[in-house]
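Residue strings, one per chain:
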Amino acid sequence: MAAARPESRVAAPPAGEICRLSAGELAHRIRERQLSVREVLTAFLDRIETVNPQVNAIVSVRERADILRDADEADARLRSRAETGPLFGLPIAIKDLAPTKGIRTTFGSPIFADFVPDEDELFVTRIRKAGAVVIGKTNTPEFGLGSNTYNPVFGATRNALDPALAAGGSSGGAAVALALDMLPLADGSDFGGSLRNPAAYNNVFGFRPSQGLVPSVLGFDAFHAQMGVEGPMARTVRDLALLLDVQAGYHPGAPLSYEAPGSFLAGLDEPATAGRIAWAGDFGGALPLENGILPLCEDALARFSAAGFANEPAMPDFDAEALWQAFIVLRQASGGCALKALHDNPAHHGKLKPEAVWEAEGAARLTGPQIHAASVTRTAWHRALLKLFERFDLLVLPTAQVFPFPVETHWPSEVAGHAMDSYHRWMQVSAFATMGGCPALNVPVGFDARGRPMGMQLIGRPRGDLAVLRAGAAYEAALSRAIGAETCTAASPVR
């Protein structure tokens, strides 16, 4: 129940300070009537108007008058002591791959440039019910393909730390909006690293939940298309858990979904004090990595040691190339088949980017035995991970194989002297968690000599989401201690 103490309200902090508050603190101050929803939304809208033109992270923003009308209605609910949800009064912009009722949803494609859905995706419904105010969308690559956020509808999103560089993707708009304090929380989706890579490229946290934890109900396929998941992105691990609590939980329209084991936010009150990390590095040389990535991750592991987590080089005994080829087959058998329907429509000729055409044409060539063989390989990988997790609590690898690159580069054609044979081969490191159905958290690890950020992914047991978040919170605390009294930048994950 909202507290009704108008006489106890304190003076609001400056707008910039409001935007730097954590989502959890903002929600608390709104409930305690220390901040009005109008004050909070006005501060964030002002921030968006000032910063977004330089980076193009948030798109399809609703009219300010309509947003502030929602804010006034929310403040009236507080005055009437009506029930409020955990995200009450917080602004959020939904990734432009998820349908949003009454708000343009383009998927980054000219085919859907004017599409306005008449219903929300399930997790959007849950976010609205929790009290958040949807102010618009966050930019994404066309159909979420590739880890550089650009499309012919809205253009490119630029990196939060250096606008000459790519933001990552496909949740690039979400990561940049968070890093530059245009949003306190963001949603995203992840098939091949789309919640993890942009988080690494913009120095924030991105969490890929276990397969089935966050349900989706509007896709055509409720059973096979399970490798892509929805999840949260935030500036702190506690804020990740705050949003995940809202997104997660069984829904009958998603038959492979399941109930959350409890509150992830409350679960973080019990800190992780020890654990064993399997450090996979470059997976025995199977992953070409740009120089400088491994040392940053190894330095981060040393900070983890201070939090009680021992680490040693270890990885499953598995053929990384066979796993990657199975990933390609299963990706084309789900997303590629969906794109094939657009590719085969003469009305859409010339409107799909080359990466979408590659996926659609690959899907057309697939055979039943190929798909079956890929699924068998995936099952073997899952079992290899379970064996590893008998000895270790986490499998840790870099989040990306290259640092952020120039925004004009569609995708890296070469990494460490190795030619890349597809638009996503340079993100092969992301497939390990995806193919295992495992939770994976990007944590920031620092910057190279050119100031480019990087992260590493903490991969946990299937359905071990809380354990991964606890480990991430322990790392975050160790990172905060390491930074000490240093001034945090606007894009720092330590608030």
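Further up the page is the structure itself.
**Points about the sheet that holds strand β9 (residues 275-279)**
Stage number 1. The strand order across the open sheet formed by 8 strands is β6-β8-β7-β14-β15-β11-β9-β10, and the pairing between neighbours is mixed. The sheet terminates laterally at β6 (186-190) and β10 (309-313), the two strands that pair on one side only. Neighbour-to-neighbour, the strand axes of the sheet open up by a mean angle of 30°, direction not taken into account.
Stage number 2. Its contacts with the sheet put helix α8 (residues 237-247) on β6, β7 (205-208), β8 (229-234) and β14 (440-447), and the angle it makes with β8 is roughly 145°.

**A look at the packing of aromatic side chains**
Stage number 1. Tallying each qualifying case throughout the model produces 15 aromatic pairs.
Stage number 2. Pairing Phe112 with Phe115 gives two aromatic rings, centres 6.1 Å apart and planes at 65°, and the pair type is edge-to-face.
Stage number 3. Of the residues examined, Phe112 reaches a relative accessible area of 23% and is grouped as partly exposed.
Stage number 4. Ring centres of Phe283 and Phe432 lie 4.6 Å apart, and the angle between their planes is 20°; on these two criteria the pair is classed as stacked. Of this pair, Phe283 sits in the loop between β9 and α10 (293-306) while Phe432 is found in helix α14 (residues 431-436), placing the two residues 149 residues apart along the sequence.

**A look at helix α3 (residues 37-55)**
Stage number 1. Here α3 spans 26 Å end to end across 19 residues, near enough to the 27 Å set by a 1.5 Å rise per residue.
Stage number 2. At Glu49, α3 shows its maximal bend, which comes to roughly 35°, and the proline Pro53 appears one to four places after that position.
Stage number 3. Val37, Val40, Leu41, Ala43, Phe44, Leu45, Ile48, Val51, Asn52 and Val55 are the residues of α3 that are buried.
Stage number 4. Residue Asn56 follows α3 closely and has a positive phi angle near 60°.

**Some points on the layout of surface pockets**
Stage number 1. In this model, the second largest pocket occupies a volume close to 300 Å³.
Stage number 2. Together, 16 residues line the second largest pocket, and Gln211, Arg378, His382, Met435 and Gly437 are the ones closest to its centre.
Stage number 3. The set of elements that each furnish at least two residues to the lining of the second largest pocket consists of α13 (368-388) and α14.
Stage number 4. It is α13 that provides the largest number of residues to the lining of the second largest pocket, a total of 4 residues.
Stage number 5. Its residues assigned to classes, the lining of the second largest pocket comprises 5 nonpolar, 9 polar and 2 charged.

Cut-off values and rules
- Residue numbering note: each chain is counted from 1, following its sequence as written.
- Whole-chain, interface and lining totals are the exception, using all residues; otherwise, since this is a predicted model, local features are given only for residues with pLDDT of at least 70 and side-chain atom pairs are given and counted only at 80 or more.
- Remark: hydrogens and water are excluded; side-chain values derive from all non-hydrogen atoms of the structure.
- For two strands to be treated as a pair, DSSP must find no fewer than two bridges joining them.
- For the purposes of this entry, the term helix denotes a DSSP run of H or I that reaches at least four residues, the term strand denotes a run of E that reaches at least two, and both are numbered from the N terminus.
- Axes, fitted as lines to C-alpha atoms, cover a helix only where it is in contact. Angles between the N-to-C directions of the axes lie from 0 to 180 degrees.
- Note on contacts: a residue pair qualifies if any of its non-hydrogen atoms lie within 4.5 Å across the two residues.
- Whether two aromatic rings pair depends on their centres lying within 6.5 Å, for rings of Phe, Tyr and Trp, where Trp uses its six-membered ring; planes under 30 degrees apart make the pair stacked, over 60 edge-to-face, and the rest tilted.
- The cut-offs for exposure are 20% and 50% of the maximum accessible area for each residue type, with area from a 1.4 Å probe on protein chains only; residues under the lower value are buried, those over the upper are exposed, and the others partly exposed.
- A helix is expected to span 1.5 Å for every residue after the first.
- Here the bend at a residue means the angle between the axes of two seven-residue stretches, the one that ends at it and the one that starts at it.
- Within this scheme a cavity is a closed region of a 1 Å grid, computed over the protein atoms alone, that accommodates a 1.4 Å probe without allowing it to escape, whereas a pocket is open but has protein on both sides within 12 Å along at least five of seven lines; lining residues each have an atom within 4 Å of a point.
- Grid points are joined across faces, edges and corners, and a volume is the space filled by probe spheres set on the points.
- Under the scheme applied, nonpolar residues are Ala, Val, Leu, Ile, Met, Phe, Trp, Tyr, Cys and Pro; charged residues are Asp, Glu, Lys and Arg; polar residues are all the others, including Gly.

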